[in-house]
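Coordinates in review
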Amino acid sequence: MSDDMPPAGSPPISAKADSERSSASPDPQAAFGEILAQLKTSEFRARFSLSRDLQAYARRKGLLALQEHAERFISERLAPAQPFKDGKQTPMKGHPVFLAQHACACCCRSCLEKWHHIPKGRPLSEPEKAFIIALLLAWISQKTQGSLQQEPNLEEAPVTPRRRKGAATRKPAQLSLF
C-alpha cells in the first residue's frame, strides 16, 4: 500500500463526510474527525502542522477570514476542470490553508480523486467546494486546538513580516522640484 493512498477497501472518505455532515453536531472538528483520522494514516499527510507563526496568524485573522481565503484558493486553484499547473498549484508553506490542503489531500485534482473520489476533468460543484473548505477549516481548527475566533483577534500583536534573504535596503528616491 502506497503511503499516499487511502486504506484498501475503504469507502471514499467524502462519502463518509456526507453522512457525517447530516449529523446534529455543529462542530466541524467532530463532523470531520473520522476523515482527519484516516488522513493521518498517511505519513506524508500526517507530517503537516502549523508553526507558531501560522497559528498566531490564524488566530489573528479569525475563522471567517480563513474561510474567505480558502474559498478564494479553492475557486481559483482547484475548482476549474483543468487547473493551471495541476499538481504544483498549492505551495507547501506560507499560509495555513495551503498546509491544510496538503494535509487533507485537497491540494490538487489527483489527490482529490485518490482520497475523496472527486473525479478530474470537470469543475468542482458547489457542494464539493463547501465540503473541501469545511474540511480545511476543521484541520486548521484542530491544529490550533480550537482557539480560532469567528472574528479577527485585534488584541494579539501583529506578526512582523520577515524580510527575504538578500533583500537590499532601499532609501526612498530623492525627488526634486527643479
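Position labels on residues start from 1 in each chain and follow its written sequence. Predicted model: local features are reported for residues with pLDDT of at least 70 only, side-chain atom pairs are reported and counted for 80 or more only, and whole-chain, interface and lining totals are derived from all residues. Only hydrogens and water are set aside when side-chain values are computed; all heavy atoms of the structure are taken into account.

All axes here are fitted lines through C-alpha atoms, helices being fitted over the stretch that makes contact, and every angle between N-to-C directions spans 0 to 180 degrees. Helix numbering and strand numbering both begin at the N terminus, where a helix is a DSSP run of H or I of at least 4 residues and a strand a DSSP run of E of at least 2. Contact pair helix H7 (residues 96-103) / helix H9 (residues 126-143): the axes reach a minimum separation of 9 Å and the direction vectors enclose 105°. When the axes of H7 and H9 are compared, the pair comes out roughly perpendicular. Contact residues: H7 offers Pro96, Val97, Leu99, Ala100, Gln101 and Ala103, while H9 offers Leu136, Trp139 and Ile140. The cut-offs work like this: below 35 degrees is roughly parallel, past 145 is roughly antiparallel, 65 to 115 is roughly perpendicular, and the gaps in between are oblique. Contact between two residues is taken to exist if any of their heavy atoms lie within 4.5 Å; hydrogens are not considered.

Side-chain rings of Phe, Tyr and Trp, where Trp is taken by its six-membered ring, are said to pair if the distance between their centres is within 6.5 Å; with planes under 30 degrees apart they count as stacked, over 60 as edge-to-face, and otherwise as tilted. Scanning the model with the defined rule gives two aromatic pairs in all. Taken together, a centroid distance of 5.2 Å and an interplanar angle of 85° make the contact between Phe44 and Phe48 edge-to-face. Burial classes follow relative accessibility: with a 1.4 Å probe on protein chains only, a residue under 20% of its type's maximum area counts as buried, one over 50% as exposed, and anything between as partly exposed. The class of Phe44 is partly exposed, set by a relative accessible area of 24%.

A few words on the environment of Arg52. For Arg52, the location among the structural elements is in helix H5 (residues 52-61). Sequence spacing of Arg52 and Thr144 is 92 residues, and the spatial spacing of their C-alpha atoms is 9.3 Å.

With a phi close to 55°, Lys85 is a non-glycine residue in the positive phi region. Take Lys85: it is sitting in the loop between helix H6 (63-77) and H7. Positive phi, normally seen in glycine, also occurs at Ala105, with a value near 60°. Its location among the elements puts Ala105 in the loop between H7 and helix H8 (109-116).

Another aspect to go through is H5. Turning to H5, its buried residues number three or more, namely Leu54, Gln55, Ala56, Tyr57, Ala58 and Arg60. Buried-residue contacts for H5 involve H6, H7 and H9. Looking one or two residues past H5, Gly62 carries a phi angle of roughly 90°, positive in sign.

With that out of the way, let us pick up the pattern of salt bridges. For salt bridges, the criterion is a side-chain nitrogen of Lys or Arg within 4 Å of an Asp or Glu carboxyl oxygen. Here the structure, examined in full by the defined rule, presents two salt bridges. A salt bridge links Glu128 to Arg122; the nearest nitrogen and oxygen atoms lie 2.5 Å apart. What makes Glu128 buried here is its relative accessible area of 14%. For Arg122, a relative accessible area of 29% translates into the label partly exposed. Its salt-bridge partner being Glu126, residue Lys129 comes within 2.9 Å of it at the nearest N-O pair. On the criterion of helical spacing, the pair formed by Lys129 and Glu126 is a turn pair, its members being three residues apart in helix H9. Given the relative accessible area of 56%, Glu126 is considered exposed.

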